[in-house]
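Structural overview
One letter stands for each residue in the lines below.
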Amino acid sequence: MDKKGQKRQGYLSWDEYFMGVAMLSGMRSKDPHSQVGACIVSEDNKILSMGYNGFPKGCSDDEFPWGREGDPLDTKYLYVTHSELNAILNYRGGSLEGAKLYVSLFPCNECAKAIIQAGIKTIVYDCDKYADTPSVIASKKMLDAAGVRYYKYNRTDREITIKV
Ligand SMILES: O=c1[nH]c(=O)n([C@H]2C[C@H](O)[C@@H](COP(=O)(O)O)O2)cc1CO
Ligand SMILES: [Zn+2]
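Report follows, based on the coordinates. Keep in mind the model is a prediction, meaning the values are calculated, not measured.

**So, the environment of Thr 161**
You can see Thr 161 is positioned in the segment after β5 (149–152). Between the C-alpha atoms of Thr 161 and Gly 93, which are 68 residues apart in sequence, the distance is 31 Å.

**Quick word on the site of ligand 1**
Every one of the 18 residues lining ligand 1 counts as a neighbour, but Asp 31, Ser 34, Lys 76, Tyr 77 and Tyr 130 are closest to it. Side-chain polar atom of Glu 84 to an oxygen atom of ligand 1: 2.6 Å apart, as the coordinates give it. When isolated, ligand 1 has an accessible area of 500 Å², and the protein chains bury 94% of it. Taken together, the residues of the shell around ligand 1 break down into eight nonpolar, five polar and five charged.

**Looking at the coordination of the zinc ion (ligand 2)**
Under ideal tetrahedral coordination, the four donors around a metal are separated by 109.5 degrees; under ideal octahedral coordination, the six donors are separated by 90 or 180 degrees. Donor atoms from the polypeptide that bind the zinc ion (ligand 2) are His 82 (ND1), Cys 108 (SG) and Cys 111 (SG), placed at 2.0 to 2.3 Å. The sequence motif formed by the donor residues of the zinc ion (ligand 2) is H-x25-C-x2-C. In this pair, His 82 is assigned in the loop between β2 (47–52) and α2 (83–90) and Cys 111 in helix α3 (residues 109–118), connecting sequence segments 29 residues apart.

**Remarks on the pattern of salt bridges**
Taken as a whole, this structure holds eight salt bridges when the rule is applied. Between Asp 31 and Lys 76 there is a salt bridge; the shortest N-O distance is 2.9 Å. Here Asp 31 is found in the loop between α1 (14–26) and β1 (37–41), whereas its partner Lys 76 is found in the loop between β2 and α2, with 45 residues between them in sequence. Of the two residues examined, Asp 31 and Lys 76, each falls in the buried class. One salt bridge in this structure joins Asp 44 and Lys 46, with 3.2 Å as the shortest N-O distance. You can call Asp 44 partly exposed: its relative accessible area is 48%.

**Quick look at the side chain of Lys 100**
Mapping Lys 100 onto the fold places it in strand β3 (residues 100–105). For the buried Lys 100, no salt bridge exists, and the shortest N-O distance to an oppositely charged side chain is 6.1 Å, to Asp 15. In this structure the side chain of Lys 100 is engaged in a polar contact, spanning 2.8 Å, whose partner is the side chain of Asn 45. Among all residues touching Lys 100, those that are not within four sequence positions of it are Cys 39, Ile 40, Val 41, Ser 42, Asn 45, Ile 120 and Thr 122.

**With respect to the pairing of β5**
Sheet topology places strand β4 (residues 122–127) next to β5; four bridges connect them, and they run parallel. Within β5, the residue paired with Tyr 125 across the bridge is Lys 152. Viewed along the sheet, the connection from β4 through helix α4 (residues 134–146) into β5 turns out right-handed.

**A closer look at the side chain of Glu 16**
Relative to the helices and strands, Glu 16 is located in helix α1. At 3.1 Å, the side chain of Glu 16 forms a polar contact with the side chain of Arg 158.

Thresholds applied
- Within any chain, residue numbers begin from 1 and follow the written order of that chain's sequence.
- Written order determines the labels here, with chains lettered from A and ligands numbered from 1.
- Reporting in this predicted model follows two pLDDT cut-offs: at least 70 for local features of residues, and 80 or more for side-chain atom pairs to be given and counted; totals over whole chains, interfaces and linings ignore these cut-offs and use all residues.
- Working from all heavy atoms in the structure, the side-chain values ignore hydrogens and water.
- The secondary structure listing takes helices from DSSP runs of H or I that are at least 4 residues long and strands from runs of E that are at least 2 residues long, numbered from the N terminus.
- The nearness test applies per residue and asks whether one of its heavy atoms lies within 4 Å of the molecule or strand.
- Polar contact is the term for a pair of N or O atoms within 3.5 Å; when the atoms are in protein, one must be able to donate a hydrogen and the other to accept it, and sequence-neighboring residues count only if both atoms are side-chain atoms.
- Areas reported here follow the Shrake-Rupley algorithm with a probe of radius 1.4 Å; residue values treat only the protein chains shown as occluding.
- Under the convention adopted here, Pro, Cys and the residues Ala, Val, Leu, Ile, Met, Phe, Trp and Tyr are nonpolar, Asp, Glu, Lys and Arg are charged, and Gly plus all remaining residues are polar.
- Sodium, potassium and calcium take a 3.2 Å donor cutoff, other metals 2.8 Å, and in both cases only N, O and S atoms count; water is not among them, so sites may look incomplete.
- Criterion for a salt bridge: a side-chain nitrogen of Lys or Arg within 4 Å of a carboxyl oxygen of Asp or Glu.
- When a residue's accessible area, from a 1.4 Å probe over protein chains only, is under 20% of the maximum for its type it is buried; when over 50% it is exposed; and in between it is partly exposed.
- Residues scored as charged are limited to Lys and Arg (positive) and Asp and Glu (negative), so that His and the chain ends carry no count.
- The contact rule is simple, with two residues in contact once any of their heavy atoms fall within 4.5 Å.
- Between any two strands, pairing holds if DSSP finds at least two bridges.
- Seen with its strands pointing away from the viewer, a crossover is right-handed if its path from the first strand over the helix to the second goes clockwise.

The values are spatial; any link to function lies outside them.
This is how it looks when you write it as structure tokens:
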């Protein structure tokens, strides 16, 4: 029950807020199959950077391929920048040492290397649909060795509606 003079109830938790921002970033992705979003947060809960999966600057979303199969040169995989790497590269403020990464999909091995080298110490992920692939197994091996903690986001199933 709301009481006069007391704080509002039902506000977003930090985890809901940061995972929500990561998912919102993912909604910018043009990938028709997997839209991934990432949000980097400082130790004292300030948002430092965001990213989503997409082609590098100058590589047109309409000219480069979004397919998944066939000649590797005709698939997205050789061209797309992952959301986590984009979030790291988008940061212009200096060091990410000790930061946390919220990401909608578990980071691959290439992103794990960048995460470790950037000094990010905690990963909060939502989906882990590629857990059985060599890429994610290798990723976890490196994160474990480097002492990067990772834990699954606890979905609250809160619906957030924004009219824009
Ligand atoms: O860590 C990741 N971060 C990330 O942004 N991605 C992107 C690359 C691709 O655009 C898409 C994966 O494509 P697909 O699910 O169709 O294989 O997600 C993929 C991974 C792999 O775990
Ligand atoms: Zn990756």
